[in-house]
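Structural characterization, general
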Amino acid sequence: KFQAVDATKLGWSSANVAILFKRLVELHIENNSQFHVESFYPIRLVFAPFDVVEERRYGSSNQKESSAISDSFSTLDVYGGVLRLHPASTPIQWLVHLQQVRPETIELILQRRVEMDQYKGLLKSRHNIQLLKGHSCSSQDFYRVVHCLCQLGNDIDNQPRNDSALVAKPLVVKVEDKATCSRRRPTVQPDGSIRISEEMCHNGQILDAISHLGIHARQKLADYEREKKHCQEVAQAIQYQLGLARAVGRTGVLRQDHFLDSLHRMRREIGTGTETLASSMKMELAGAAIQITGGG
């Protein structure tokens, strides 16, 4: 009935997730006539805990209070096409939020997706910008940024463009929450992307500011790609030395330069050890996998 059902954020075992899904299926069977739609596609259902304030609102049992809350808080994200349910809530609480989905809701979500694809396509064709949603940015803020940049782009569309810039690889622009952006202007990140917030888009010169950072961003990206290739080479070398199942990896929270430093230290320790120590390490780690989660 959904495009996808996701419970990976819970960190639960497969057995517990199966029980959770069983409760959802039983709810659908018992209350099928109370839903306003036959299919929830293209909505994604995500099981995830809310923050403290949201959780108190979500768990409200007072009907009058719940009615007042419904205007300010909803587990349905029409901009991202996501319906979020709390795993610890009762089936009746799930039902209340599933009933938020109506035929006009599905139409609105599909309309938002079409508009988003059009806006992003225009930004890429006109300004050679690839816009991405960051982890801290809400779907609504991301939609506002894409729409705002397109409107600004329309205002300057009749101005002369640098066609040579359109031949180059698109600039990657990531939208984050304003609290994540320490500065009040676009900044180039170590991976070559340019970080902006929704608040910055109120400045009519935001597209010019992004364009001026293009050379610096592309240079950062080239450096990042070279470092990434070097990381892969060192990680594979350690894999062969220790007989690992695959190359040494890293988690998403570890910066690439810290990962490279850790790999070099690991390789030095393996190289400076005795032959007996290296052999014992290889026997102990053969077929295993190593993932670095911190810089050390």
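All values reported here derive from a predicted model rather than from experimental measurement.

Moving on, we get to the overall build of the protein. Tallying secondary structure elements over the protein gives 11 helices and 10 strands in all. In the protein, the proportion of contacts linking residues at least 24 apart, taken out of those at least 6 apart, comes to 73%. When the accessible surface of the protein is summed, it comes to about 17800 Å², and 50% of that surface belongs to carbon and sulfur atoms.

Pairing within the open sheet is mixed, and its four strands lie in the order 1-2-4-3. Each end of this open sheet is capped by a strand with a single partner; those strands are strand 1 (4-6) and strand 3 (76-77). Note: strand 1 against strand 2 (residues 44-47), three bridges, orientation parallel. Bridged to V5 within strand 2 is L45.

Once you follow strand 1 into helix 1 (residues 14-30) and on to strand 2, the crossover reads as left-handed. Summarising the sheet, strand 2 and strand 4 (residues 82-85) pair through four bridges and their orientation is parallel. Counterpart to R44 in the pairing with strand 4 is V82.

Turning our eyes to something else, we now look at the sheet that holds strand 7 (residues 187-188). Spatially, four strands are ordered 5-6-8-7 in an open sheet, and the strand pairing comes out mixed. Unpaired on one side and paired on the other, strand 5 (129-133) and strand 7 mark the two borders of the sheet. Bridging between strand 5 and strand 6 (residues 171-176) involves five bridges; their strand directions are parallel. The residue bridging K133 from the neighbouring strand is V175, located in strand 6.

What follows covers the pattern of salt bridges. For the structure on display, the rule yields six salt bridges. Between R255 and D257 there is a salt bridge; the shortest N-O distance is 2.5 Å. On the basis of relative accessibility, which here comes to 49%, the residue R255 falls in the partly exposed class.

Locating L108 in the fold gives a position in helix 5 (residues 103-127). For L108, a relative accessible area of 27% translates into the label partly exposed. Note: C-alpha distance between L108 and G81 (27 residues apart in sequence) is 9.4 Å.

To continue, consider the environment of T187. Mapped onto the elements of the fold, T187 is located in strand 7. Distance from T187 to A209, taken between C-alpha atoms, is 9.5 Å for residues 22 residues apart in sequence. With residues up to four places along the chain from it excluded, the contact list for T187 reads S193, I194, R195 and L213. A polar atom in the side chain of T187 sits 3.0 Å from the side chain of Q189.

When two helices pack together, you describe them by how their axes are tilted relative to each other and by the distance separating the axes. Contact pair helix 1 / helix 4 (residues 91-98): the axes reach a minimum separation of 10 Å and the direction vectors enclose 65 degrees. As helix 1 runs across helix 4, the sense of the crossing is right-handed. Side by side, helix 1 and helix 4 meet where L20, R23, L24 and L27 of the first sit next to P91, W94, L95 and L98 of the second.

All buried positions along helix 4 are accounted for by W94, L95, H97 and L98. For helix 4, the angular spread of buried residues about the axis comes to 165 degrees, placing them on one side.

Turning to the confidence of the model for the protein, a few remarks are in order. Here the protein averages 82 in pLDDT, and 83% of its residues register 70 or above. No element of the protein has a lower mean pLDDT than helix 3 (residues 63-70), which averages 38, and none a higher one than strand 6, which averages 93. The low-confidence segment residues 52-73, where pLDDT is below 50, has 22 contacts with residues more than four positions distant or belonging to other chains.

This next bit is on the nonpolar core. Counting 26 residues, the largest nonpolar core has L131, L149, I194, I196, I206 and I210 as its most contacted members. Mapped onto this core, the elements with two or more residues apiece are helix 5, strand 5, helix 6 (139-155), strand 6, strand 8 (194-197) and helix 8 (206-212). Sorting elements by how many residues they give to this core places helix 6 first, with seven residues. Beyond its immediate stretch of four places on either side in the chain, I206 contacts L149, L152, P186, I196, M200 and C201. Residues F35, I43, L83 and I109 belong to the second largest nonpolar core, which totals 23 residues.

Calculation notes
Residues numbered from 1 in each chain as written. Predicted model: local features only at pLDDT ≥ 70, side-chain atom pairs only at ≥ 80, totals over all residues. Heavy atoms only, no water. Helix = DSSP H or I, 4+ residues; strand = E, 2+ residues; numbered from the N terminus. Contact = heavy atoms within 4.5 Å. Areas by Shrake-Rupley, 256 points an atom, 1.4 Å probe, with all protein chains shown as cover. Pairing = 2+ DSSP bridges. Right-handed = clockwise from strand over helix to strand, strands pointing away. Salt bridge = Lys/Arg side-chain N within 4 Å of Asp/Glu carboxyl O. Buried < 20%, exposed > 50% of the residue type's maximum accessible area, 1.4 Å probe, protein only. Polar contact = N/O pair within 3.5 Å; in protein donor to acceptor, adjacent residues only side chain to side chain. Axes fitted to C-alpha atoms, helices over the stretch in contact; angles between N-to-C directions. Left-handed = near helix turned anticlockwise from the far one by under 90°. Arc of directions from axis to C-beta. pLDDT = per-residue confidence, 0-100. Core = buried A, V, L, I, M, F, W, Y, C linked by side-chain atoms within 4.5 Å.

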